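# Coordinates in review
Listed below are the residues making up each chain.
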Amino acid sequence: MTPTPRRLLLLVTAGLAVLGPRPASAQAPVAEVRVTPPSLALATGARQPVSALAFDKDGNVLLDVKVTFASSDTAVATVAPDGTVTATGPGAARIEAIAGSRRGAITVTVTGPSAATRPVSLALEPQPLVLIPGERQPLRLVARRADGGEAETGPVTWRTLHPALVRVDAAGTVEALAAGTGVVQALAAGLIATATVKVVPADVGVTRTELRLGVGDVDSIRAIVPAQGDRPLGGGFAWTSSDTAVATVTPQGIVAGRAPGTAAAVMVGPDVALRIPITVYSAVAGLEVSPPFSKGPLRLAVQGTRTLSAQAVDTAGRPVAGATVAWTVGDTALVAFDRARGALTGLAAGRTTVTAKVPGVAPATWEIEVVPADVAIRPARLGLAPDGAAQLSARLLDPDGKELGPLEGARWVTSEPRVARVRPDGSVEAGTRGRATITATAPWGRSAEVPVFVTGDLFVASTRGGRPAIYDLTVANPDSLRLVLDDGATAVQPALSPDGTRLAWTSNQGGNYDVWVADADGTNRRRLTDDPAFDGEPQWLPDGSALVFSSTRGGTSRLWVVGADGTGLRPLTAPTASATSPSVSPDGARVAFVRSDASGADLYDIRIDGADERRLTTTPERERLPRWLPGGRLAWVVDRGTSSSAILAGPAGGVAPVTLATSDRPVTGFAVSRDGSRLAWVSARSDAERGAGGFALVIQAATPGAAPATVRLRPGEQVQSPAFR
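Report on the accompanying structure.

Criteria and thresholds
Residues numbered from 1 in each chain as written. Predicted model: local features only at pLDDT ≥ 70, side-chain atom pairs only at ≥ 80, totals over all residues. Heavy atoms only, no water. Helix = DSSP H or I, 4+ residues; strand = E, 2+ residues; numbered from the N terminus. Rg over C-alpha atoms; globule rule 2.2 N^0.38 Å. Contact = heavy atoms within 4.5 Å. Pairing = 2+ DSSP bridges. Axes fitted to C-alpha atoms, helices over the stretch in contact; angles between N-to-C directions. 1 Å grid on protein atoms, 1.4 Å probe; cavity = no way out; pocket = protein on both sides within 12 Å on 5 of 7 lines; lining within 4 Å. Points joined across faces, edges and corners; volume = space filled by probe spheres on them. Nonpolar A, V, L, I, M, F, W, Y, C, P; charged D, E, K, R; others polar. Phe/Tyr/Trp six-rings, centres within 6.5 Å; stacked < 30°, edge-to-face > 60°. Lys NZ or Arg CZ within 6 Å of the ring centre and 35° of its normal. Core = buried A, V, L, I, M, F, W, Y, C linked by side-chain atoms within 4.5 Å. Buried < 20%, exposed > 50% of the residue type's maximum accessible area, 1.4 Å probe, protein only. Salt bridge = Lys/Arg side-chain N within 4 Å of Asp/Glu carboxyl O.

## Digging into the overall build of the protein chain
Assigned secondary structure in the protein chain consists of 2 helices and 71 strands. For 725 residues, the compact-globule estimate of 2.2 N^0.38 gives 27 Å, and the C-alpha radius of gyration of the protein chain, at 56 Å, exceeds that figure by more than 25%. Projecting the C-alpha coordinates of the protein chain onto the three principal axes gives extents of approximately 205 × 70 × 50 Å. Residue pairs in contact within the protein chain that sit at least 24 positions apart in sequence constitute 46% of those at least 6 positions apart.

See the structure below:
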């Protein structure tokens, strides 16, 4: 029987009552929780909902049961209360649904970067990119995370917005096609980066104008764009070799020597044509150096200079033509090296190194010790007249005593400002007569000193103190006799050295008359000659290196020469006749003197080497005391009878001399100033009259008719042998 509709409705309702959810009042315990879908595979950042149902032990769905969700690893996936799963980072996690005491779970697998590592920005470097036409240069894509660190981007798509100006390949390398400004873009991870590319025509230069290398050596050359900050030239241009048998060149400019000879590195491109000479020399076996570098430190003074040399040689020791030595200095604050001249100059005290190197052989390294230079003053001694002036120069000396040059920044001081004042530039002004010491000190403390002697214009032997001693006086104040030297014996015949710093005289303090030398103030005395015979009348050579004197050695008075240090004693004149009163010419070439015998006395001269003796006068008069004047002229004394004398002047060996002065008493001593402007002489009465003040010291200008000035002497004072400074 077919059920009626009403009956059918009742049956369905009854079925639902049996199969449907139970009322809460009759809720059965949860026996199982099921989650769908059974698994998930998501990309980072993706979302997917899941559902969960609770069942009783009979398999019935429990609709009113509360279900909650949880993730085993939120760094991989999180789950919302409504069951929505969000992929947060690569990995695997369990998503659980919990109802009552029962749990159901699925596995979620996440791929791709995590939120913490995925990029949030893109940039292209360099920015902007500047190229010349034909040049290629890669752009670098930089992706950054939210924390600023670099991130992976995954696939990148490159494109150009101005294909007529620039193009870009799949690797991001940009090629400049024509002048102008283009734009290149990179797309990755849903982001975009843009770079401006400027194509600017410019000349191309090189870092090396030539290359020199040995067989088997490797070097490099690089093209640059000077107008664009000397930047390296990018791709698109390649180097080649003009002769690969001599040298090979890689496209990047790496050069290798193959055989001796010449070649060229060549680069040709759009508006670019470069050709760099290459010289390949024979294999270098070693370095020949000077001075040797293995014998301890090379000492060099501050501001001093030494020469270093290094030459590449082959196995036979022959110089290798074309091999270039490279020099390096360890500390350029201590030394400077002029490679062209090989000159090493000390700058400051300390230790450093200088290295010479040729590829393929052991380098030569000098240990350099720069030491503070010693100091010297030039001249080493200084003699001045009162109110005179001179210039001192402080000099630098290397450790071997070699002069290096002027000392800059010297500090000058004087020990006696009243005797000699010194200015900051080393100029000296004389004051009163005496001795001072002037010191120059370098900034690093080394110092040197020189003695300064301020003496009178005229020296004379006088008995003012009771016995013959050496005095000086000034022409401006003739009455200013000052004691210079009293050796306790008979000191006579003074002669001041040409530089005014040393005094020679004759003395019998050693028991017989000899020549002595002292400083110009009478200190540091030493005996220059030592012979039982009479040695006296010393006269300096112009350079101060030696003296001429007369001596009765051998029984006959003759002239001798001796070094200022007492060495080199030698006879000057032959012992044929008496030779006395030597006078050295201003140029030091000749010596005038007197030869005398029973018939009279005449003037002679002779070369300083003892050759070419000449007779200068042949008169019947008795000529004495020759003294040189500037220009090769002579002045001398002529006796007029026994009671008067005349002072004459004329050319050596000439005729018609001029009378400069006359004396009504015999002239016993005579001197001419070095410039020939003044005369000084001593005259004396007869022996009976001398004890009663019979001596006179006269100073006069060396012109005929000039008025003489007589120096006031004390009663009974005897004077002799005047000598100008």
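Text resumes after the structure shown.
## Regarding the sheet that holds strand E27 (residues 261-269)
Taken in spatial order, the 4 strands make up an open sheet running E20-E28-E27-E24, and their pairing is mixed. The open sheet has two edge strands, strand E20 (211-214) and strand E24 (239-241), and neither has a second partner. Across the sheet, the mean angle from the axis of one strand to that of its neighbour is 30°, orientation sign disregarded. The pairing of E27 with strand E28 (residues 272-281) spans 9 bridges and is antiparallel. When the sheet's bridge partners are listed, glycine 261 is paired in E28 with valine 280.

## With respect to the environment of leucine 129
Along the chain, leucine 129 falls in strand E11 (residues 129-131). Counting along the chain gives 54 residues from leucine 129 to valine 183, while the straight-line C-alpha distance between them is 9.8 Å. Apart from the residues lying within four places of it in its own chain, the contact partners of leucine 129 are Gln137, Leu139, Val174, Thr196, Val197 and Lys198.

## A short note on the sheet that holds strand E5 (residues 68-71)
With mixed pairing, 4 strands are arranged side by side in an open sheet as E2-E9-E8-E5. Looking along the sheet, the strands with just one partner apiece sit at the ends: strand E2 (39-43) and E5. Ignoring strand direction, the axes of neighbouring strands in this sheet form an average angle of 25°. Pairing between E2 and strand E9 (residues 102-111): 5 bridges, direction parallel. When the sheet's bridge partners are listed, leucine 42 is paired in E9 with valine 110.

## Some points on the pairing of strand E42 (residues 403-406)
Of the pairings in the sheet, the one linking strand E41 (residues 393-397) to E42 comprises 3 bridges and is antiparallel in character. Within E42, the position partnered with leucine 396 by the bridge is glycine 405. A loop of 5 residues connects E41 with E42, the two strands running antiparallel in sequence, and glycine 401 in this loop sits at a positive phi of about 85°.

## What to know about the layout of surface pockets
Quantified by volume, the largest pocket comes out at close to 850 Å³. If you go around the largest pocket, you meet 37 residues; those closest to its centre are Gln539, Pro582, Arg627, Phe670 and Ala723. When contributions to the lining of the largest pocket are tallied by element, the ones reaching two or more residues are strand E51 (491-496), strand E55 (535-540), strand E59 (578-584), strand E63 (622-629), strand E67 (667-672) and strand E71 (719-724). Considering each element in turn, the lining of the largest pocket owes the most residues, 6 residues, to E67. A breakdown of the residues in the lining of the largest pocket according to their chemical character gives 22 nonpolar, 10 polar and 5 charged. If you add up the space inside the second largest pocket, you get close to 300 Å³. The wall of the second largest pocket is formed by 15 residues, among which Arg208, Arg212, Asp219, Thr324 and Ala326 lie closest to the centre. If you list the elements that add at least two residues to the lining of the second largest pocket, you get E20, strand E21 (218-220), strand E33 (326-329) and strand E36 (350-357). Here the lining of the second largest pocket takes 3 residues from E20, the largest share from any one element. Taken together, the residues that form the lining of the second largest pocket break down as 7 nonpolar, 3 polar and 5 charged.

## Description of the packing of aromatic side chains
Applying the stated criterion to the full structure yields 6 aromatic pairs. Each ring, one from tryptophan 327 and one from tryptophan 366, has its centre 5.7 Å from the other, and the planes form 15°; the classification is stacked. In this pair, tryptophan 327 is assigned in strand E33 and tryptophan 366 in strand E37 (residues 364-371), connecting sequence segments 39 residues apart. Pairwise contacts between aromatic rings join Phe293, Trp327, Phe337 and Trp366 into one cluster. Looking at arginine 34, its charged tip hangs above the ring of phenylalanine 55, at a distance of 4.1 Å from the centre. The ring of tryptophan 560 has arginine 553 lying over it, and the distance from NZ or CZ to the ring centre is 5.4 Å.

## Points about the nonpolar core
If you look at the biggest cluster of nonpolar residues, it comprises 26 residues, and the most contacted ones within it are Trp327, Val335 and Ile368. For this core, the secondary-structure elements that each account for two or more residues are strand E30 (298-301), strand E32 (309-313), E33, strand E34 (335-338), E36 and E37. Ranked by residues supplied to this core, first place goes to E37 with 4 residues. In this view, isoleucine 368 contacts Leu298, Leu300, Val335, Leu344, Gly350, Arg351, Thr352, Thr353 and Val354; residues no more than four positions away in its chain are not counted.

## Concerning unusual backbone geometry
Negative phi values dominate among residues other than glycine, just as trans dominates among peptide bonds. Of note, the amide linkage connecting serine 290 to proline 291 takes the cis form, showing an omega dihedral of -5°. Within the fold, proline 291 resides in the loop between strand E29 (286-290) and E30. For the bond from arginine 378 to proline 379, the omega torsion is -5°, close enough to zero to count as cis. Tracing the backbone shows proline 379 in the loop between strand E38 (374-378) and strand E39 (382-384). A positive phi angle, close to 60°, is found at aspartate 271, a residue other than glycine.

## Things to note about the pairing of E67
For a regular strand, side chains alternate in direction, first toward one face of the sheet and then toward the other. Within E67, 5 of the 6 residues are buried, which leaves the element mostly enclosed by the surrounding structure. Pairing geometry for E67 and strand E68 (residues 678-684), over 5 bridges, is antiparallel. Within E68, the residue paired with alanine 671 across the bridge is alanine 680. The hairpin turn running from E67 into E68, its antiparallel successor, is 5 residues long, and glycine 676 in that turn takes a positive phi close to 75°.

## What to know about the pattern of salt bridges
Counted under the stated rule, the structure contains 40 salt bridges. A salt bridge links arginine 34 to glutamate 32; the nearest nitrogen and oxygen atoms lie 3.0 Å apart. By relative accessible area, which is 40% here, arginine 34 ends up partly exposed. Between aspartate 609 and arginine 607 there is a salt bridge, with the nearest N and O atoms lying 2.8 Å from each other. Aspartate 609 gets classed as partly exposed once you look at its relative accessible area, which sits at 47%. What makes arginine 607 partly exposed here is its relative accessible area of 35%.

## So, the environment of alanine 77
Within the element layout of this structure, alanine 77 appears in strand E6 (residues 77-79). In this structure alanine 77 comes out as buried when scored by relative accessible area, which is 0%. Measuring from C-alpha to C-alpha, the distance between alanine 77 and lysine 357 comes to 65 Å, with 280 residues separating the pair along the chain. In this structure, alanine 77 is in contact with Ser71, Val85, Thr86, Ala87, Thr88, Ile95 and Val108, ignoring residues within four places of it in sequence.

## A few points about the environment of leucine 62
Within the element layout of this structure, leucine 62 appears in the loop between strand E4 (51-55) and E5. In this structure leucine 62 comes out as buried when scored by relative accessible area, which is 4%.

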